[in-house]
Amino acid sequence: MIILGIDTSCDDTCIAILKSEIRNPKSETKGINFEILSNIISSQVKLHAKYGGVYPSLAKREHQKNLSIVFKKALRKIQGKQIDLIGVTVGPGLEPCLWQGVNFAKKLAEDLELQMIPVNHIEAHILANFIGEEIKNEKLKIKNFFPAVSLVVSGGHTQLILMRGIRQYKLIGETRDDAAGECFDKVARILGLGYPGGPIVAAEAAKLKTKNYKLKTKLPRPMIYQKNYDFSFSGLKTAVLYLVKQLTINNKQLTIRQKREICHEVQQAIIDVLIHKTLRAAKDFKVKSIILGGGVVANNELRKQFQSTINNQQLTMNFLVPPKIFCTDNAAMVAATAYFHQKEATKNWQKIKVNANLKI
Ligand code: KG4
Ligand code: ZN
């Protein structure tokens, strides 16, 4: 089966085409292998950088301009093969942007007489784990991963989700204010480092040669020891704001070293909270797997420290992390999600609507 995935939930115009092969036809969740025929991400990052964040009306206009160009490019890679199914992100995300992708998908469904699957962007971030190499291993049957706890950390979301299987989700915790990615982005803006903040803060933190801070300022780890699975990151951003105010009193400029120390400490505070809360949920629910997803999971230190904490605590759970290219927004994850929902495919695509606040 050849599946077209479309995602315009934020500022990237994403189109991918996946070919699914079922190794063992007796079970739909056994040995699935997705071959990526095309995976295009047309980034608008340069355009939004001057605003320090995504400007929705500008993003919508760019999606409108880019969609057919990106689609044609993707088609070139499949050399005349027929598409069987369309998966499109319907939420959560920026409403005007989501509509661009959905309307484009509807037009294609009409022209090519195809069925459509509405895809939840959060679920797609989780299922990004099932695109890659790991699943090619016949021993790793998907059903053996569950129950699992999934941490989705992106620019808009920080959620802990208990999974009994694919398509069986229960939200057990989420951020009460800013998402972790948003905190990275806001801190980068406070420090004048640019957008998107996550990769820049991570790069600055990595340049810190000696880890003994001169600043002697330990930033908070919000809600880390609270006995729930919720998060809060706005206080961390405010703590950075106060610290910077203090350091720049009397028109003083932050030194490069000071900026790097702040980046290092912010990153570590976010990592500490994410790991602590996810592992607590994993132990409480006695899960077989910990599954990560979302843009922040592209963070090297987070990936490394998660794995080493699991090793140090001698936890025997599976630890699933998508390749970095499938952590940040992409449409391969959308096509893979459509595959898992194929039984819900509808020719009644006219009824598909966007829901900017769609829940898992
Ligand atoms: O999943 P994503 O691409 O889009 C949303 O669904 O929001 O996530 C984007 C977020 C941004 O806040 C960005 O700063 C963050 O992911 N991010 C990172 C890294 N790469 C992207 N955060 C920390 N470290 C990174 N390497
Ligand atoms: Zn995303």
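Conventions used here
- Residues numbered from 1 in each chain as written.
- Chains lettered and ligands numbered in written order.
- Predicted model: local features only at pLDDT ≥ 70, side-chain atom pairs only at ≥ 80, totals over all residues.
- Heavy atoms only, no water.
- Near = heavy atom within 4 Å.
- Polar contact = N/O pair within 3.5 Å; in protein donor to acceptor, adjacent residues only side chain to side chain.
- Areas by Shrake-Rupley, 256 points an atom, 1.4 Å probe, with all protein chains shown as cover.
- Helix = DSSP H or I, 4+ residues; strand = E, 2+ residues; numbered from the N terminus.
- Nonpolar A, V, L, I, M, F, W, Y, C, P; charged D, E, K, R; others polar.
- Domains from an automatic or database assignment.
- Salt bridge = Lys/Arg side-chain N within 4 Å of Asp/Glu carboxyl O.
- Buried < 20%, exposed > 50% of the residue type's maximum accessible area, 1.4 Å probe, protein only.

**Q** Where do I start with the site of ligand 1 in this structure?
**A** Around ligand 1 lies a shell of 19 residues, among which Gly155, Asp185, Gly198, Gly295 and Asp329 are the nearest. Gly156 is positioned such that a nitrogen or oxygen atom in its backbone is 3.5 Å from an oxygen atom of ligand 1. Within the backbone of Gly295, an N or O atom sits 3.0 Å from an oxygen atom of ligand 1. Against a free-state accessible area of 560 Å², the protein chains account for coverage of 87% of ligand 1. Secondary structure elements with two or more residues in the shell around ligand 1: helix 4 (121-127), helix 5 (180-190) and helix 6 (197-206). Looking at side-chain class alone, the shell around ligand 1 contains six nonpolar, eleven polar and two charged residues. Formed jointly, the shell around ligand 1 draws a minimum of three residues from each of two domains, domain 1 (2-132 + 325-351) and domain 2 (146-321).

**Q** Honestly, the pattern of salt bridges in this entry has me stumped. Any pointers?
**A** It is possible for side chains bearing opposite charge to pair when their charged atoms get close. Under the counting rule described, the total for this entry stands at 14 salt bridges. Linking Glu301 and Lys304 is a salt bridge whose minimum nitrogen-to-oxygen distance equals 3.0 Å. You can see Glu301 and its partner Lys304 sitting in helix 9 (residues 300-312), three residues apart, about one turn around the helix. On the basis of relative accessible area, Lys304 is assigned to the exposed category, the value being 55%. Three or more residues joined by partner-sharing salt bridges are found here, namely Asp178, Glu182, Lys186 and Lys237.

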